[in-house]
Amino acid sequence: MLLEVDDVSRHFGGVLANQNISLTVAEGEILGLIGPNGAGKSTLFNIIAGALKPSEGRIRFRGEDITGRGPSDCCERGIARTFQVVKSFEAMTVIENVMIGAFCRTNSERLARGVAREVIEWTGLDSRRDALAAELTPPEKRRLEVARALATRPKLLLLDEVLAGLTPIEAQAGVRLVRDIHARGIAVLMVEHVMEVLMPLVDRVVVLNLGKLLAEGRPADIVRNEEVIAAYLGEKFRARA
Amino acid sequence: MRLQGLPLGAAVLALVLAAPLGVRDPFFQNILILTALYTALSQAWNLLGGYCGQVSLGQALFFGIGAYTSTILFTRYGVSPLLGMMLGGLLAALVGLAVGWPCFRLRGHYFVIATIVVAETGYLLFLNWDWAGAATGILIPFKGESIVDFQFQTSKLPFYYGIVTIAAVLWLFSYWIARSKWGFYWRAVRGNPDAAESLGVRIFRYKMAAAAASAFFTGICGSFYAQYVSYIDPDSVLTFNQSVLISLPSVLGGIGTLWGPAVGAVVLIPMSELVRAYLGGTGQGTDLIIYGALIMAVATLKPEGLCGLIADLRKRGGRGARPAADEGA
Amino acid sequence: MGLIYALIAAGLSLIFGLMDIVNFAHGEFLMTAMYLTFGLHVLLTLDPLALLPVVAALMFLLGVLVYRTAIRRAMQAKTSVWMAQIFVTFGLAIMMRGLAQLIFTPEYRSIRHHWLSERSVNLLGVYLSLPQLAAAGVCLLGFLGLYLLIARTDFGRALEATREDKEAVALVGINRDLIFALGWGIGGAVVGIAGVMLATFYYIYPGVGANFALVAFITVALGGFGSLGGALLGGVIIGLVEAVTAMLVEPSLKSIGIYAVYMLVVLLRPRGLFGYL
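Our subject in this report is the structure included herewith.

1. Notes on the overall build of chain B
No. 1: A count of helical and extended segments in chain B gives 14 helices and two strands.
No. 2: In terms of overall dimensions, chain B has C-alpha extents of about 60 × 50 × 40 Å along its principal axes.
No. 3: Across the 329 residues of chain B, 59% fall into the buried class.
No. 4: Sequence separation of 24 or more characterises 77% of the internal contacts of chain B that already satisfy a separation of 6 or more.
No. 5: In the form shown here, chain B has an accessible surface area of approximately 12,700 Å², with 68% of it arising from carbon and sulfur atoms.
No. 6: Measuring between centres, the 21 positive side-chain charges of chain B sit 12 Å from its 15 negative side-chain charges.

As structure tokens, then:
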């Protein structure tokens, strides 16, 4: 198992955002994390990424306990993430942005630039290589987020609603990118709301509701799960299944 | 063919080194020396404030530490100021780390205020510290012309070349580091600390490194200044005004750029010295007004500073030719 | 004195809470108010207290003017907006100080003969100087007035709303620009009141603003940026600390106590007592 979330809980004051959640991500797997708003997805996401500490429970990555380690530590160990609200380095160019990620694995500017160039090419940002991040369109910025994270050579990539608000064409391009990432053996954990795009893409799905784990399994099973439908998916999906 | 990077640096250095040939009047030589001094000081400030984004308005503390360290070592224990400079710089760096440790958890204006408070505390401490001369300060007696003692009376030129050397070294350091991982990481910390962290940047560590480097060089400049003016007291090296003065050239010339501090210093220092000399008593405060107005103008109209302005003009002149992406400036 | 600090800090806190901008020229605003008081007093030979509304109004205008011209521009910067606004207000501060030096010379001025000067009051065996007492009183009133304004009026609510969510208020029909301008105006007026009262017993010189500004920053940091109650409490605490320190160590070191308190706050609770970070 690449990632093991073991009985994790997290409360903020009186609010229990995550309650006894356990899940796993295998090497090279694509896991979807879904659930209604307020279900605790972001909290869990941030805990895995190291931006939040769990109140209880443990997180293991590649066999090592990483509970409570900070974001930079997690990144070094091979967990990279994107932000729902894109956080580019506006004053730096696209390649410089990606180089920041690349520097995670090397101290040499030359090597970092090389890695960055390579990542930029296969994520399709080559045409904007020397543009300032501030000049990019929102979908391009999102792609930059992903490219930057990829430059850190992660084993697990955490994507936070990267497919939200995209036109169908952009969404398809996004799916292709995730598939490419998958093809390179990088495991992906995606938080998403866009079911039509997510279900065909992922290997497994985890559903959160009200801070607890509601269901877990293959997409085909999840869309038939009565509880999930009631809580989140709605009748539309039941009819499809 | 556009000149940039190292070749440009070399060309400027050549000009600077040759300058005294054309400038013989000690008054103007003094201006040159001060300009070079503030170039160096502001370049040091730029490391922490411009690249790393941690605006410090308490640099006078390091300036003063450097000055006092080398002066006390020289006047009381006969240690050569050349060595004293290094020690002063090191001590300043240590203090910088000590100050940074609690302060770097603050962001934005909170950090700025903290630097001001720390520097003011330092000022008050030195003002009341009898062993260090308290308010009367320390006078450096002239022991004879000597490079080791770094004292010269017949000519200002050795001082000039001394400070130019310091400024040049600092410039090279900035140039090298801007291209290195450190420079990139600093800019990431400035641009978006959360994102930087998620990409593996250990923010605290890099802030501390910037603080240490900045403080070190500021301290060295302090030592130089002490030897140059032969007298120091809290009011001349540790005040808030001094801290502000250190930061201004970078703000004017372009925060976070390689040439910003130099450009800013070249504009600010001669102007203020000349204004003060020619307007004297009646024009008191005029130099402040001009400073203030310039800073405001830059901050509102062109936050990238004069260097940004130059870059814009270049872009327009080159008719769409892209500036090199890895200029680092 | 604590209450005076509180009022000065309140003005600062207001502007910050409203738009995330720290006005580094706040001290110079204070200085301007004091000089205005002095100037008008000399010109019109009116008692400073009578000038209070006039100066307050003028300072209000100054605040609005500064916002309209300088601050708005700075907020439009492409990168590092906060840095731009630090230096804009900073440049403003320097300019204002220079102007004061030019117009009034660096000499110390003071307002000698007015209604309250040179009189003191015996309160429980301690002699308190009447001007200071009056100043404290007025500042407290000013604070209450500010609080009422924020808490009770529509305008105050609009101010709060803008502070909480700048983007959303536009949707509700609140003119953000106007709110900001008014915020600056009130901030200016508030510090103007403090300035007038201060001018009745304190020396007036170009650098006076800087000292008080630093204390104001510390006060706000202690109480928490954006919190009025914090500014009040912070001001009182700072005033007390300063007085106590002055009794314990030599006069030139009296600020050390405040700085120490500040460092403690930074270490233990960077947000301040009530503030939003």
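2. Description of the pairing of strand β1 (residues 3-12) of chain A
Residues and elements named next belong to chain A.
No. 1: With seven bridges connecting them, β1 and strand β2 (residues 15-25) associate as antiparallel partners. By the bridge assignment, Phe12 is partnered in β2 with Val15.
No. 2: Linking two consecutive strands that pair antiparallel, namely β1 and β2, is a turn of two residues; a positive phi of about 60° is found at Gly13 within it.

3. A short note on the sheet that holds strand β5 (residues 64-65) of chain A
Residues and elements named next belong to chain A.
No. 1: Here we have four strands laid out as an open sheet, ordered β2-β1-β4-β5, and antiparallel in their pairing. Taken across any chain shown, the strands that pair with only one partner, and hence form the sheet edges, are β2 and β5.
No. 2: Lying over the sheet, helix α1 (residues 41-49) contacts β1, β2 and β4 (56-61), oriented at roughly 120° with respect to β1.

4. Some thoughts on helix α9 (residues 203-229) of chain B
Residue and element names in this part refer to chain B.
No. 1: Taking 1.5 Å per residue as the helical rise, α9 with its 27 residues ought to reach 39 Å, and the 39 Å between its terminal C-alpha atoms agrees with that figure.
No. 2: Where burial is concerned, most of α9 is hidden: 22 out of the 27 residues are buried.
No. 3: A positive phi of about 65° marks Ser230, the residue just after α9.

5. Some words on the pattern of salt bridges
All names here are of chain A.
No. 1: Across all of its chains, the model carries 19 salt bridges over all chains by this definition.
No. 2: We note a salt bridge from Asp65 to Arg58, for which the minimum N-O separation is 2.6 Å.
No. 3: Its relative accessible area of 34% is what places Asp65 among the partly exposed residues.

6. Focus on the interface of chain B and chain A
No. 1: Contact residues are listed per partner, giving 21 residues for chain B and 25 residues for chain A.
No. 2: Taken together, the two surfaces of chain B and chain A that pack against each other cover about 2,100 Å², and 60% of this comes from carbon and sulfur.
No. 3: The three residues of chain B that bury the most area against chain A are Lys181(B), Phe184(B) and Leu199(B), which together make up 31% of that side's buried surface.
No. 4: Connecting chain B to chain A are four salt bridges.
No. 5: Across the pair Asp194(B) and Lys87(A) runs a salt bridge, and its minimum N-O distance is 3.4 Å.
No. 6: In this assembly, chain B and chain A are joined by nine residue pairs in polar contact (both at pLDDT 80 or more).
No. 7: Of the residues forming the side of chain B that touches chain A, the biggest block, six residues, is contributed by helix α7 (residues 181-191) of chain B.
No. 8: Of the residues belonging to the side of chain B that touches chain A, the class tally is eight nonpolar, five polar and eight charged.

Analysis parameters
Residues numbered from 1 in each chain as written. Chains lettered and ligands numbered in written order. Predicted model: local features only at pLDDT ≥ 70, side-chain atom pairs only at ≥ 80, totals over all residues. Heavy atoms only, no water. Helix = DSSP H or I, 4+ residues; strand = E, 2+ residues; numbered from the N terminus. Buried < 20%, exposed > 50% of the residue type's maximum accessible area, 1.4 Å probe, protein only. Contact = heavy atoms within 4.5 Å. Areas by Shrake-Rupley, 256 points an atom, 1.4 Å probe, with all protein chains shown as cover. Lys, Arg positive; Asp, Glu negative; His and termini not counted. Charge placed at Lys NZ, Arg CZ, Asp CG, Glu CD. Pairing = 2+ DSSP bridges. Axes fitted to C-alpha atoms, helices over the stretch in contact; angles between N-to-C directions. Expected span 1.5 Å × (residues − 1). Salt bridge = Lys/Arg side-chain N within 4 Å of Asp/Glu carboxyl O. Buried area = accessible area lost by both parts, 1.4 Å probe. Polar contact = N/O pair within 3.5 Å; in protein donor to acceptor, adjacent residues only side chain to side chain. Nonpolar A, V, L, I, M, F, W, Y, C, P; charged D, E, K, R; others polar.

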